[in-house]
Amino acid sequence: MGLQYIGLKEINGPLIVIDKAKDVSFDEIAEIHLDDGTIRNGRVVEVSGDKVVLQVFEGTKGISLTNTRTRMMGIPMEMPLSKEILGRVFSGSGRPIDGLGEIYCEKSMDINGKPLNPVSRTYPRNYIRTGISSIDCLTTLIRGQKLPIFSGSGLSHDKLAVQIVRQAEIAEEKGEEFAVVFAAMGVKNDVADYFRRSFEESGVLSRVAMFLNLSNDPIIERILTPRCALTAAEYLAYEKNMHILVILTDMTSYAEALREFSSSKGEIPGRKGYPGYLYSDFASLYERAGVIEGSTGSVTQIPILTMPNDDITHPVPDLTGYITEGQIVLDRNLDQMGVYPPISILPSLSRLMKDGIGEGYTRADHTVVSNQLFASYARVQDARALASVIGEDELSETDKSYMRFGTMFEKYFITQGIYENRTIDQTLDLGWELLSLLPVSELDRVSEELLSEKYNPENAKKFK
Amino acid sequence: MQNSVYSVNGPVVKIKDTKDFAMLEMVYVGDKKLIGEVIGINDKFTTIQVYESTTGLKPGEPIIGSGSPMSATLGPGILSNIFDGIERPLRKLQESSGAFIAEGSVVSTLDEERQFDVTLKINTGDIVKGGDIYATCPETPLIEHKCMISPYLSGKIIWVAENGKYTINDKVAELETDDGTVIPLTLCQKWPIRQARPVKERLSINKLLVTGQRVIDTICPIAKGGTAAVPGGFGTGKTMTQHQLAKWCDADIIVYIGCGERGNEMTQVLEEFGELIDPKSGKHLTDRTVLIANTSNMPVAAREASIYTGITLAEYYRDMGYHIAIMADSTSRWAEALREISGRLEEMPAEEGFPAYLPSRLSEFYERAGYMKTLNDNEGSVTIIGAVSPQGSDFSEPVTQNTKRFVRCFLALDKSLAYSRHYPAINWITSYSEYIDDLKDFYAENVGIEFLEYRQKINNILVEENNLMEIVKLIGSDVLPDDQKLTIEIARVIRLGFLQQNAYHKDDTYVPLEKQFKMMETILLLQKEAKNAISKNIAISTIAETGLFEKVIKIKYNISNDNLSAFDELNSEIKNTIFSLYRA
């Protein structure tokens, strides 16, 4: 039983200061008992002599200098875990909020995790088929990868995430267990409800652990939410050998919570007021994806973030892009043209796909098709820019065929129904058929043998 | 009196009222003995940055000084190893603490059990000075390790062991200094990481670091002992470029510093380098590589130190007379670590929150590169190739701008090239190298006297194309006269056939200088012949129909690296085909 400290010295935003404390360690957690009988939780963020600075997860509303008793717990923040967490709903700080009682705990783990030794990692190679052509063919998702969705307010990232969860199928070894950990940070009530309903409809709810911190919940709890979720994911993956897909939405709200917290601590801000350690902080979350030696499980992350003002150079998408292994960028123009999923192909990228596709994983010609589609679609942008100046009629025959290819590519390849689940063969064959719209001399990334096998303008006639 | 922790704020720990510590002294913090370094002292507080997570640290826990600055252990066993930012071997850490790195893990840097086949190079009674080689042993099948007298030590050898098998801590000789102190010599020594190792003199830079990457070797060459920066936004292929250089450049030893980058990338380096065979020696690439991995989720203070650890290891091998290339991926993460620590110290920030001493730290780092005459009269070099990750792909940010001032080769990676999957996405217009003039004689002796002339011609075509593209963007290419269309067509051949290089193609991943030279020759021949034909009123479309342009684009795949005589056939084919056009 630890000491209890009566009263406080100072309150500032979510931070409280206790004086004359003894034997308090950095990062340990505390319970703050209010006189009205409620209990709040806090964590030590600084110790200096006998002065302790605590952050209060639930906020400092109603706390005065005299109405509290603070009890130090002597341990860093831990989360109780067992396989039962699947199918349950938790608050942002990892407490069950679905009224089904506490978790019968098999193991408690520090939510901050520990850095993974690079030597112990296994390089991720197996792909996850999502059934979405633009992802499977062009930005293939690999087991153990962190592949964020860069979106904007009002775009269909939620729908896309749900479709990925519903259709995600781990290649080869069927029968391995697959589960989803879903962390909502600062999302609207409706959005959280949309996810819950969608998981229920597609019958995956019993395989989902949800961590909800809604937009009106305290911001300190928001900083803990992804950590709790990833701790649960690591436990399931590395101790229970399951394949875990973690969806973190929305990272922008998380970063804003961090900014708010940092400024109330009086730290020196970096770019756009975000703390200088935003990169390291993001890394401590994103790097918790991977595959480790000696375990058959994996943690795959799909963080979703909304780019403020659709600006990809904003610190949040920018720093995320530097840590994650690629990105899927959604585009407002495509969305307005009714293309779903509105994935902007050119800035999207999957860094790990080169080693997880081709012979033995997807299909031998995958690399060639995806490279050629990328290169040709990049040419489409040049042709369009030119057409907007000199008019489409004035274009050369080659440029005209690019214009046509571009339209058809968006209409038949990128666009697909929210319940449409394409196999990898369907996707790649569709890619070849679309490439056949172009003159054969334009396909400079394809070898002669493949051309004679796959290139056939007859196949392209059906695109209208 | 025992010193103890007064305050903890993330990685910054303070001690109150002590005068026991020196600046940059290495200390052990707390009951877990976390490794830290003294970074600030005043009469009230001594400030320490801790290289590990401080979770659970309490005021009152003891702090013990080590009496020496943060040092690297130098000796045989460094090569083919993988270390964290403060030179702890990661494989050993895995054995001792599992897949996740625990705090306070103390393991010895080098393998203390491994026995090396040592040959002694000195005799009793020899007078030796700093830098002299007293013993050698084969460290890997590729590299012979030479043990040198520590730079500031000199004296007389009073005892020498027999040749034979020794571990790194065994005494192999004894040295008596001028004041009579007897110092045992083992196979290893320590050196403070923030201090450059001394050399006899700095030599001029005039040798090319051959990388086998056409756009680098030809357009923006890097010299041995030089410095280069590779800036680029995310997804432009910085890491890929660094990997290609690490695999193929003709340095003897590669020090690869993964500083604040992705864990999976380090795993990839480990796996790939383990499988790859060095084309020159036929041995494994890992035999000449040291990896320093301080990934982005490992403690930030150790990230700051990793750069210095890396360059200290490089300088040590340079002193033996080897040529070293350092890949630092990425220096921006290191600068961010400086910013983070500076913020915790509540220093006054300069631009974008970076500390005001950022430029001086960057220059200190890059100036440790160079082509040197070592203390033992060998020649060795350290080449630094640093990746820069500018925020928002904006090259005007402080790290890129300051780096630009201290490097002489700037390989700017371009987002739009990367989007169209043109790799390596090095923009030939905005990149530059100041080494061209220094390397003039090298090219003339090793490749051909015309090399730089060809290079200039290729460059001119690319610049001209860049200007023409402004017009094409406005009115389309159809209205251009045929000779300008030819420039655009030849530039396309250069871009696709020469600048673009496929890292996954067995021949194209590394291209010897001779082939690069021949490729330029053939492209320029095609230009000359086609120009000639156009002056004889042959339409460019007619020339294009011969398929010669496409054929020249594919030479990078169709002519293998060891069959350069095929170029002669192709050249005469070009001449004959075009000649037949206007003769008909």
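Note that the structure is a prediction, hence the values are computed from the model and not measured. (Residues numbered from 1 in each chain as written. Chains lettered and ligands numbered in written order. Predicted model: local features only at pLDDT ≥ 70, side-chain atom pairs only at ≥ 80, totals over all residues. Heavy atoms only, no water.)

Asks: Looking at this model, I keep getting lost on helix α5 (residues 251-264) of chain A. Mind explaining?
Replies: Residues and elements named next belong to chain A. The terminal C-alpha atoms of α5, which comprises 14 residues, lie 20 Å apart, in line with the 20 Å expected from a rise of 1.5 Å per residue. Burial within α5 is extensive, with ten of its 14 residues counted as buried. Residues of α5 that are buried include every one of Met-251, Thr-252, Ser-253, Tyr-254, Ala-255, Ala-257, Leu-258, Phe-261, Ser-262 and Ser-264, and no others. N-cap assignment for α5: the residue whose side-chain oxygen lies 2.7 Å from the backbone N of Thr-252 is Asp-250. Immediately downstream of α5, the backbone of Gly-266 shows phi near 75°, a positive value. (Helix = DSSP H or I, 4+ residues; strand = E, 2+ residues; numbered from the N terminus. Expected span 1.5 Å × (residues − 1). Buried < 20%, exposed > 50% of the residue type's maximum accessible area, 1.4 Å probe, protein only. Polar contact = N/O pair within 3.5 Å; in protein donor to acceptor, adjacent residues only side chain to side chain.)

Asks: What exactly am I supposed to notice about the interface of chain A and chain B here?
Replies: How large an interface is tends to be reported as the accessible area lost when its parts come together. At the junction of the two partners, chain A supplies 73 residues and chain B supplies 76 residues. Taken together, both faces of the contact between chain A and chain B bury some 6,000 Å²; the carbon and sulfur share is 54%. Applying the counting criterion to the chain A and chain B interface returns two salt bridges. A salt bridge links B:Lys58 to A:Asp23; the shortest N-O distance between them is 3.9 Å. In this assembly, chain A and chain B are joined by 25 residue pairs in polar contact (both at pLDDT 80 or more). Residue assignment for the side of chain A that touches chain B shows that the elements contributing at least two residues are β5 (39-48), α4 (219-239), α6 (278-286), α7 (315-323), β20 (343-350), α9 (353-356) and α10 (366-390) of chain A. (Contact = heavy atoms within 4.5 Å. Buried area = accessible area lost by both parts, 1.4 Å probe. Salt bridge = Lys/Arg side-chain N within 4 Å of Asp/Glu carboxyl O.)

Asks: Even after reading the chapter, I still don't get the sheet that holds β20(A), so can you show me in this structure?
Replies: Backbone hydrogen bonds hold the strands of a sheet together, and the pairing may be parallel or antiparallel. Residues and elements named next belong to chain A. Reading across from one edge, β9-β16-β15-β17-β18-β13-β19-β20 is the order of the eight strands in this open sheet, with mixed pairing throughout. Two strands lie at the open edges of the sheet, namely β9 (89-91) and β20, each paired on one side alone. Strand after strand, the sheet turns through a mean of 15° between neighbouring axes, direction not considered. Judged from the seven bridges that link them, strand β17 (residues 243-249) and strand β18 (residues 298-306) form a sheet pairing that is parallel. Considered in β18, the bridge of Val-246 is made with Gln-301. (Pairing = 2+ DSSP bridges. Axes fitted to C-alpha atoms, helices over the stretch in contact; angles between N-to-C directions.)

Interpretation note: all reported values are geometric properties and have no functional meaning in isolation.
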